[in-house]
Amino acid sequence: MFATPFPCPELFAIPPSEPDVEVVYGPVPSITQPVFNGSWNQIQFVDGVFLYNKTGVTRALVSDGCRIVLQRVPWVHDDEVRYTFLSIVMTALLLQRGILPMHASAVAAHDGAVLFMGPSGAGKSTLAAELVRRGHPLQADDIAPIVLDSGRPEVVPGFPQLKLALDAAEHLDQPQAGVARVRPGEAKLSVLSHDRFHRRRLPLKAAVLLEPSAVDRVRMHKLDSVAKLSTLVKYTFNQSFLDGLGRRSQHFGQVAAVGNATDVFAVQRPDRGWQLPALADFIEHELLAS
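None of the values given here were measured: they were computed from a predicted structure.

**Structural notes on the packing of helix H2 (residues 124–133) against helix H6 (residues 276–288)**
Alright, step 1. Direction vectors running N to C along H2 and H6 enclose 70 degrees, while the axes themselves pass 10 Å from each other. With respect to each other, H2 and H6 are oriented roughly perpendicular. Contacts between H2 and H6 involve Thr126, Leu127, Glu130 and Leu131 from the former and Leu276, Leu279, Ala280, Ile283, Glu284 and Leu288 from the latter.
Alright, step 2. A class-by-class count of the residues in the contact of H2 with H6 yields seven nonpolar, one polar and two charged.

Below, the structure written as structure tokens:
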């Protein structure tokens, strides 16, 4: 639970005495020895502390899994700060807390959560949006946090937000007027789903790797142990942070535990035409049914 110094409609309102993560404005040290130095982003780790600079937006310091300090550019829009907070900064916080952040969407079934992974454009959020429209509550989108506190993998609720491409929103009859973009200038909508969101942890029932392919119909097969492990590693969000945060060995143990406890399926879908209804029908029948 977070207390933020800026509006954050992607989060649920909570009493001010309850947050366990503090987000404040304050001075953040400059990055002097970046391990990543892009044209717009710089990252540095100092004794497990995460330092981040997004040029023209904000600097961020994430420490101990419970404190985030932001030093924002005074004139930058709240939406830019919020986008940075909910993506890169959030991933660093989850890793510090020992939580496995999967780059995935998830929906709730009656007996657990089903996770959808895949490359950019595979349709993770679009499939989740269609399943939510059919009555399956959203559990997470973009970042799906997984914990193993009970010895079995559980999906922690993410944010009640779906990030939908404009063409997907049009196919889904999602109104666009008055709906905010994920960030200024981004070609994706931030569709809030507070009333269709599952707010409790769920056991991870199954994971799906979405693979757009030149097939004529939806097909599915179960991945073997090696393929499961490599897939879960590949779709860990910002796994490049692991070494700097000292979490590499923990991460390997986590993905191995998830793989041992969970079936991971590769689902191929036709890559031509709007095949979402057939894909959603297939997922409902194979993985979400009672």
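**Observations concerning empty space enclosed by the protein**
Any empty space left between the atoms is revealed when a probe the size of a water molecule rolls over them.
Alright, step 1. Applying the stated criterion across every chain, the model contains one cavity of 30 Å³ or more.
Alright, step 2. The set of elements that each furnish at least two residues to the lining of the largest cavity consists of helix H1 (78–96) and strand E14 (161–165).
Alright, step 3. Broken down by element, the residue count for the lining of the largest cavity peaks at three residues, all from H1.
Alright, step 4. Taken together, the residues that form the lining of the largest cavity break down as three nonpolar, one polar and three charged.

**As for the sheet that holds strand E7 (residues 67–72)**
Strands pair in a sheet through their backbones, by hydrogen bonds, and they do so in one of two ways: parallel or antiparallel.
Alright, step 1. Spatial ordering of the open sheet is given by E1-E2-E7-E6-E5-E4-E3, a layout of seven strands whose pairing is mixed. Strand pairing shows two members of the sheet lacking a second neighbour, strand E1 (2–3) and strand E3 (36–37), which therefore form its edges.
Alright, step 2. Here strand E2 (residues 21–25) runs beside E7; their pairing, made up of four bridges, is parallel. Across the sheet, the residue bridging to Glu22 is Arg67, located in E7.
Alright, step 3. Those strands touched by H1 are E1, E2, strand E5 (49–54), strand E6 (58–63) and E7, and its axis lies near 155 degrees from that of E5.

**Some thoughts on the side chain of His136**
Alright, step 1. Tracing the backbone shows His136 in the loop between H2 and strand E11 (138–140).
Alright, step 2. A residue is classified by how much of its surface remains accessible, and His136, at 15% relative accessible area, is buried.
Alright, step 3. In this structure His136 touches Val107, Ala108, Leu131, Glu284 and Leu288, once residues within four positions along its chain are discounted.

**Side note on the layout of surface pockets**
Alright, step 1. Volume-wise, the largest pocket comes out at about 950 Å³.
Alright, step 2. If you go around the largest pocket, you meet 42 residues; those closest to its centre are Ser120, Gly121, Lys124, Ser125 and Lys188.
Alright, step 3. Those elements giving two or more residues to the lining of the largest pocket turn out to be strand E4 (41–46), E5, H1, H2, E14, helix H3 (166–171) and H6.
Alright, step 4. Its residues placed into classes, the lining of the largest pocket shows 17 nonpolar, 14 polar and 11 charged.

**Considering unusual backbone geometry**
Alright, step 1. Of note, Asp64 is a non-glycine position whose phi angle comes to about 60 degrees, a positive value.
Alright, step 2. Structurally, Asp64 is set in the loop between E6 and E7.
Alright, step 3. Judged by its relative accessible area of 69%, Asp64 falls in the exposed class.
Alright, step 4. We note that Asp173 has phi near 60 degrees; this positive angle belongs to a residue other than glycine.
Alright, step 5. Within the fold, Asp173 resides in the loop between H3 and strand E15 (188–192).

**Quick look at the packing of aromatic side chains**
Alright, step 1. Applying the stated criterion to the full structure yields five aromatic pairs.
Alright, step 2. Aromatic pair Phe45 and Phe241: ring centres 6.1 Å apart, planes at 65 degrees, arrangement edge-to-face. Here Phe45 is found in strand E4, whereas its partner Phe241 is found in the loop between helix H4 (225–234) and helix H5 (248–261), with 196 residues between them in sequence.
Alright, step 3. Judged by its relative accessible area of 3%, Phe241 falls in the buried class.
Alright, step 4. Both rings, one in Phe50 and one in Tyr52, keep their centres 6.2 Å apart while their planes meet at 15 degrees; by these two values the pair is stacked.

**Some points on the nonpolar core**
Alright, step 1. With 35 residues, the main nonpolar core has Phe2, Val23, Phe50, Ile68, Phe85, Met90 and Phe241 as its most contacted residues.
Alright, step 2. Counting residues per element, the ones that place at least two in this core are E2, E4, E5, E6, E7, H1 and strand E12 (143–147).
Alright, step 3. Tallying contributions element by element places H1 first for this core, with nine residues.
Alright, step 4. Ala109, Ala129, Ala169 and Leu279 belong to the second largest nonpolar core, which has 30 residues in total.

**Considering the pattern of salt bridges**
Alright, step 1. Considering all chains together, one arrives at 18 salt bridges under this definition.
Alright, step 2. Here Arg97 makes a salt bridge to Asp20, at a shortest N to O gap of 3.4 Å. With Arg97 in the loop between H1 and strand E8 (100–103) and Asp20 in the loop between E1 and E2, this pair connects stretches of sequence that are 77 residues apart.
Alright, step 3. Residue classification places Arg97 among the partly exposed positions, given a relative accessible area of 36%.
Alright, step 4. A salt bridge links Arg82 to Asp79; its shortest N-O distance comes to 2.7 Å. Note that Arg82 and Asp79 are positioned in helix H1 at a spacing of three residues, about one turn of the helix. Asp79 matches Arg82 in its accessibility class, with the two residues each being buried.
Alright, step 5. Connected through shared salt-bridge partners, Glu130, Arg133, Arg134, Asp281 and Glu284 make up one network.

Definitions and limits used
Residues numbered from 1 in each chain as written. Predicted model: local features only at pLDDT ≥ 70, side-chain atom pairs only at ≥ 80, totals over all residues. Heavy atoms only, no water. Axes fitted to C-alpha atoms, helices over the stretch in contact; angles between N-to-C directions. Helix = DSSP H or I, 4+ residues; strand = E, 2+ residues; numbered from the N terminus. Parallel < 35°, antiparallel > 145°, perpendicular 65-115°, else oblique. Contact = heavy atoms within 4.5 Å. Nonpolar A, V, L, I, M, F, W, Y, C, P; charged D, E, K, R; others polar. 1 Å grid on protein atoms, 1.4 Å probe; cavity = no way out; pocket = protein on both sides within 12 Å on 5 of 7 lines; lining within 4 Å. Points joined across faces, edges and corners; volume = space filled by probe spheres on them. Pairing = 2+ DSSP bridges. Buried < 20%, exposed > 50% of the residue type's maximum accessible area, 1.4 Å probe, protein only. Phe/Tyr/Trp six-rings, centres within 6.5 Å; stacked < 30°, edge-to-face > 60°. Core = buried A, V, L, I, M, F, W, Y, C linked by side-chain atoms within 4.5 Å. Salt bridge = Lys/Arg side-chain N within 4 Å of Asp/Glu carboxyl O.

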